[in-house]
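In case you want the letters, here they are:
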Amino acid sequence: MSTFKEYAKKAKNRLKSGFWEQAKKDIDTEKEIAATNGLNARKVGEEQHRRLQRQIYDYDGFCEEQEFYKRVEAILDSDEIISNPIMRLADKEYMETLSPVDRQTYVTKIAAKYRQAVERYRQLRS
């Protein structure tokens, strides 16, 4: 199946499943919550729009990001003290195949993603 047909099929499924109605409700809810908490509702709406764009146009990347966030959330919600959360999030099998320089680059990227996820976690919890 061609890429164009795949995109069309996904778009049709989004329409049939009520994806856009639910997205609109989610955006409105987030804006209301932001307004009651004194946050900028426009920025919250823009963040939701960016998240929707990633979900639609980069679905695999979006799913990976959501999975990574869930793992970070599990680490932060756990009662145990974790001394090195970045190595817990890293793919050890993949790291074994990398050179030392590439391994350091990989760990740095994981650390940056971890910082972003922690920031997101704290924003959602506050």
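Since we're looking at a predicted model, the values are computed, not measured.

A.B. asks: I keep staring at the packing of helix α2 (residues 19-36) against helix α3 (residues 41-57) and nothing clicks. Help me out?
C.D. replies: In a pair of packed helices, the angle between the axes and the distance between the axes together describe the arrangement. The interhelical angle for the contact between α2 and α3, taken along N-to-C directions, is 150 degrees, at an axis separation of 8 Å. Taken together, the axes of α2 and α3 are roughly antiparallel relative to one another. Considering how the two elements wind past one another, α2 and α3 form a crossing that is right-handed. For the pair formed by α2 and α3, the contact residues are F19, W20, A23, D26, I27, E30, K31 and A34 on the first element and A41, V44, G45, Q48, H49, L52, Q55 and I56 on the second. In terms of residue class, the contact of α2 with α3 is built from nine nonpolar, four polar and three charged.

A.B. asks: Explain the layout of surface pockets here, please?
C.D. replies: Within this model, the largest pocket holds a volume of roughly 980 Å³. Lining the largest pocket are 26 residues, with E47, R51, R120, Q123 and L124 sitting closest to its centre. Every element with two or more residues in the lining of the largest pocket is listed here: α2, α3, α4 (59-77) and α7 (100-125). Class assignment for the residues of the lining of the largest pocket results in nine nonpolar, seven polar and ten charged. The volume enclosed by the second largest pocket comes to roughly 300 Å³. Surrounding the second largest pocket, 14 residues form its lining, D26, Q48, R51, L52 and Q55 being those nearest its centre. The leading source of residues in the lining of the second largest pocket is α2, at six residues. A class-by-class count of the residues in the lining of the second largest pocket yields six nonpolar, four polar and four charged.

A.B. asks: Please clarify how α3 should be interpreted in this entry.
C.D. replies: Quick reminder: α-helices carry 3.6 residues per turn. Residues three or four places apart thus point the same way. With 17 residues, α3 extends 24 Å between its outermost C-alpha atoms, agreeing within 8% with the 24 Å of an ideal straight helix rising 1.5 Å per residue. When we look at burial in α3, the residues that qualify are V44, G45, Q48, L52 and I56. Buried residues of α3 fall within an arc of 110 degrees about the axis and therefore sit on the same side. Seen from the buried face of α3, the exposed residues on the opposite side, beyond 90 degrees, are R42, K43 and Y57.

A.B. asks: I tried to follow the packing of aromatic side chains on my own but got confused; where do I start?
C.D. replies: One pair of aromatic rings is described through two measures. These are the centre distance and the angle between the planes. Applying the stated criterion across every chain yields a total of two aromatic pairs. For the ring pair F19 and W20, a centre distance of 5.0 Å and an interplane angle of 85 degrees mean the geometry is edge-to-face. Relative to Y106, the ring of Y94 has its centre 5.1 Å away and its plane inclined at 65 degrees; by these criteria the two rings are edge-to-face. Here Y106 lies in helix α7 and Y94 lies in helix α6 (residues 92-96), a separation of twelve residues in the sequence. The class for Y94 is partly exposed, based on a relative accessible area of 41%.

Rules of the game
Residues numbered from 1 in each chain as written. Predicted model: local features only at pLDDT ≥ 70, side-chain atom pairs only at ≥ 80, totals over all residues. Heavy atoms only, no water. Axes fitted to C-alpha atoms, helices over the stretch in contact; angles between N-to-C directions. Helix = DSSP H or I, 4+ residues; strand = E, 2+ residues; numbered from the N terminus. Parallel < 35°, antiparallel > 145°, perpendicular 65-115°, else oblique. Left-handed = near helix turned anticlockwise from the far one by under 90°. Contact = heavy atoms within 4.5 Å. Nonpolar A, V, L, I, M, F, W, Y, C, P; charged D, E, K, R; others polar. 1 Å grid on protein atoms, 1.4 Å probe; cavity = no way out; pocket = protein on both sides within 12 Å on 5 of 7 lines; lining within 4 Å. Points joined across faces, edges and corners; volume = space filled by probe spheres on them. Expected span 1.5 Å × (residues − 1). Buried < 20%, exposed > 50% of the residue type's maximum accessible area, 1.4 Å probe, protein only. Arc of directions from axis to C-beta. Phe/Tyr/Trp six-rings, centres within 6.5 Å; stacked < 30°, edge-to-face > 60°.

Everything listed here is a matter of coordinates, which is why it stays silent on function.
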